[in-house]
2 protein chains.
Amino acid sequence: MCTDTPNLLSPDDFALSMADPTRLRILVLLTQVEELCVCQLTETIGVLQPKMSRHLAILRKKGGLMDRREGLWIFHRLHPDMPAWTYNSLRALASGCLNLQPYKTDLAKIADTCLPEGYRIKMLNEE
Amino acid sequence: MCTDTPNLLSPDDFALSMADPTRLRILVLLTQVEELCVCQLTETIGVLQPKMSRHLAILRKKGGLMDRREGLWIFHRLHPDMPAWTYNSLRALASGCLNLQPYKTDLAKIADTCLPEGYRIKMLNEE
DNA sequence: AATATATATATGTCTATTCGAATAAATTGA
DNA sequence: TCAATTTATTCGAATAGACATATATATATT
């Protein structure tokens, strides 16, 4: 269902993207981990699958996320065409979240979630 | 009506603070100008006074703004106790906004709005 | 083709948010 | 105390957002 060329995030769209606790948790996670599949996000954050799917769709539509299918799994990552200011703003926000709940625990849980056979989590380096 | 000791902005509160176009415009302006009174904000952004007042109340309540009364005028500024990550995130966002409408025009209009007698606008230095 | 798995969407409902209009409150000066 | 000015709050209506449940789609395997 890959949305190939999303509109760039406008400031309003960016702000609305973060304006839901579940979506903020997704975005914060994806500042730390290169990509995550829907089942990992669902299990980590602990929401029902349709709810996760809905919020991911919102983030894709607004231009914040890119997705990639690999077999049955669909992996999401921050959209590489995201404007620099958007990425910087999100990173700054994430830096404040990582010591707090539920973000801290979310990140710790990622490694324990279900994963496609032989799939390897790629962490992003935080300086 | 000065809210003296607001709770610190949680990530969720911070995200919700920005999740309305009017509130985002207020916040972006206040990354560039030290403080603004309600009438300046109302006139610059071009909304009805009760609407401005309501959004300012939301921002104060969430901990993003501080206010100070001087006679009839009430001046608002970014709350000085705002966490560093919040401020950094907001500044990054603002840096992306300043070239865009309506933020660009908002800033240009500030100087032309009504001002208390002899009041002088203090711009913040952007590096 | 039939089944299983992962993800997406549709539907109806409920709640939260926003708005304009009207009104109230606070401060100043006459 | 009265009037003028600035800001805040209340109210009801309209809108948008989020939710759970049920169902659909897409891919892989048998």
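In what follows, the accompanying structure is described. Given the structure is predicted, the values throughout are model-derived calculations rather than measurements.

Quick word on the interface of chain A and chain B
Thinking step 1. Contacts between the two partners involve 19 residues from chain A and, on the opposite side, 19 residues from chain B.
Thinking step 2. At the level of elements, α1 (11-18), α2 (21-30) and α5 (84-97) of chain A are the ones that each hand at least two residues to the side of chain A that touches chain B.
Thinking step 3. No other element matches the nine residues that α5(A) contributes to the side of chain A that touches chain B.
Thinking step 4. Classifying every residue of the side of chain A that touches chain B gives 13 nonpolar, five polar and one charged.

Quick look at the relation of the copies chain A and chain B
Thinking step 1. Superposing chain A onto chain B takes a rotation of 180° combined with a translation of 0.0 Å along the rotation axis, leaving an RMSD of 0.0 Å. In short, the pair behaves as if placed about a two-fold rotation axis. Residues of chain A ranked by C-alpha distance from the rotation axis are headed by A:S89, positioned 2.1 Å from it.
Thinking step 2. Most of the interface of chain A is mirrored in chain B, where 100% of its interface residues are also at the interface.

Some remarks on the sheet that holds strand β3 (residues 73-78) of chain A
All names here are of chain A.
Thinking step 1. Pairing in this open sheet of three strands is antiparallel, and the strands run β1-β3-β2 from one edge to the other. With partners counted over all chains shown, the strands left at the sheet margins are β1 (36-37) and β2 (65-70), one partner each.
Thinking step 2. Here β2 runs beside β3; their pairing, made up of six bridges, is antiparallel. From the neighbouring strand, R69 faces β3, where its bridge partner is I74.

Looking at the protein's contact with DNA strand D
Thinking step 1. Around DNA strand D, a shell composed of 22 residues is seen, among which A:D20, B:V38, B:C39, B:P50 and B:S53 lie nearest.
Thinking step 2. Elements represented by at least two residues in the surface near DNA strand D include exactly α4 (49-62) of chain A together with α3 (38-45), α4 (49-62) and β3 (73-78) of chain B.
Thinking step 3. Residue contributions to the surface near DNA strand D peak at six residues, all from α4(B).

Points about the nonpolar core
Thinking step 1. With 57 residues, the main nonpolar core has A:L27, A:V28 and B:L27 as its most contacted residues.
Thinking step 2. Contact partners of A:V28, with chain neighbours within four places excluded, come to A:A94, A:C97 and A:Y103.

What counts, and where the lines are drawn
Residues numbered from 1 in each chain as written. Chains lettered and ligands numbered in written order. Predicted model: local features only at pLDDT ≥ 70, side-chain atom pairs only at ≥ 80, totals over all residues. Contact = placed C-beta atoms within 7 Å. Helix = DSSP H or I, 4+ residues; strand = E, 2+ residues; numbered from the N terminus. Nonpolar A, V, L, I, M, F, W, Y, C, P; charged D, E, K, R; others polar. Least-squares fit on C-alpha atoms with pLDDT ≥ 70 in both. Pairing = 2+ DSSP bridges. Near = placed C-beta within 6 Å. Core = buried A, V, L, I, M, F, W, Y, C linked by C-beta atoms within 7 Å. Buried ≥ 20, exposed ≤ 12 C-beta atoms within 10 Å, placed from the backbone.

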